[in-house]
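Results of the structural survey
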Amino acid sequence: MKKTIIALDGHSSCGKSTTAKQVAKKLGYAFIDTGAMYRTVSLYFHDNHVSLTNPKEIEKALSEIHITFHFNEHRGASDVYLNGLNVEEEIRKMYISQMVSEVSAITIVRKAMVAQQQKMVKHRGVVMDGRDIGTKVFPDAEIKVFMTAEPTIRAARRQQELLSKGEMVDLDIILENLKKRDIIDSTREEGPLSQAEDAVLMDTSFMTIDEQVDFVIQLHDSVLARL
Ligand code: DC
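A brief structural summary. Per chain, residue numbering runs from 1 following the sequence as it is written. Per-residue local features of the predicted model are confined to residues with pLDDT of at least 70, and side-chain atom pairs are confined, for both listing and counting, to 80 or more; whole-chain, interface and lining totals are unaffected and use all residues. Computation of side-chain values covers all heavy atoms of the structure but excludes hydrogens and water.

Describing the pairing of strand β4 (residues 77-82)
Note the cut-off: Working definition: with a 1.4 Å probe on protein chains only, accessible area under 20% of the residue-type maximum means buried, over 50% means exposed, and in between means partly exposed. Here a strand is any run of E in DSSP of at least two residues, a helix any run of H or I of at least four, and the numbering for each starts at the N terminus. In this analysis, strands are considered paired if DSSP registers two or more bridges between them.
Where burial is concerned, most of β4 is hidden: five out of the six residues are buried. Here strand β3 (residues 67-72) pairs with β4 via six bridges, running antiparallel. Note on β4: the bridge partner recorded for T68 is Y81. Here β4 runs beside strand β5 (residues 85-86); their pairing, made up of two bridges, is antiparallel. Residue pairing for β5: Y81 is matched across the bridge by N86. Hairpin connection, β4 to β5: the antiparallel pair is bridged by two residues, and N83 has positive phi, about 45 degrees.

Quick word on helix α9 (residues 209-226)
What counts is decided by this rule: Each residue after the first adds 1.5 Å to the expected span of a helix. The arc refers to the directions leading from the helix axis to the C-beta atoms. By definition, residues are in contact when any of their heavy atoms lie within 4.5 Å.
If you check α9, its first and last C-alpha atoms are 26 Å apart, about what 18 residues at 1.5 Å a residue would give, namely 26 Å. All buried positions along α9 are accounted for by Q212, V213, V216, I217, L219, H220, V223 and L224. For α9, the angular spread of buried residues about the axis comes to 160 degrees, placing them on one side. With respect to the buried face of α9, the exposed residues turned more than 90 degrees away are D210, Q218, A225 and R226. Packed against the buried residues of α9 are β1 (5-10), α1 (16-27), β7 (143-148) and β8 (200-203).

Re the pattern of salt bridges
Heads up, the rule is: Every case where a carboxyl oxygen of Asp or Glu lies within 4 Å of a side-chain nitrogen of Lys or Arg is listed as a salt bridge.
All chains considered together, the criterion is met by 17 salt bridges. Measuring nitrogen to oxygen at the nearest pair gives 3.1 Å for the salt bridge that ties K144 to D198. Here the residue K144 occupies a position in strand β7, and D198 occupies one in the loop between α8 (171-187) and β8, the gap between them amounting to 54 residues. Looking at K144, the relative accessible area reads 6%, which means it is buried. Ionic pairing is found between E161 and R158, a salt bridge with its closest N-O pair at 3.4 Å. Remark: R158 and E161 occur in helix α7 (residues 151-164); sequence separation between them is three residues, near one turn of the helix. On the accessibility criterion, E161 (32% relative accessible area) is partly exposed. Bridged by salt links that share partners, the residues D33, R75, D79, E88 and R92 form one connected network.

Right under this line is the structure:
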């Protein structure tokens, strides 16, 4: 059977990764969370006091960062590793969310990550979620979905997610962070967040996860039938 690349792009916290993970599971596809890669780079920069305005330091740091994904049976999804260390939990924390958009707006960081993402896909049968997958990483993806949702709804979902991991963060702080990230992500020079011309819009404000997954699967099936 023919396989495809599914690109799920969109705003922060509108359910991209959750949807991508379940779609991948249903189709037997691999799932790559590209946001996790930018978060991992941010963690390294944070821990090693890398100056975000010093290209030499950034370049050196990038050469020292080795990002891998390994399947976690318990979670039923892949965890991200930084130089052999599982950082899946750490990168989801609020202090990383607060710096990741600035880190991911740096052109040399983006170039390094995009090259790695393209290399990771050896053959089709992949769901990749991010901001620039349908526009930059895989402009030839057969299925492109651009996801969005109302900011207050996204903030509430994010708060629940952080709470489930034991981190209590004020809703206003989360909302402010999401809006700031949307602006930085959409206005940067390299690979800005934007809806690809051939992407289908999905507003998840009033959709359940099951509905989101069904939406993508139906789109996939209809595209596949025409290939
Ligand atoms: O999907 P996420 O919230 O985990 O992504 C974290 C940040 O990484 C997000 O604010 C923007 C950036 N990002 C990006 O610039 N390009 C991608 N392909 C994925 C994420």
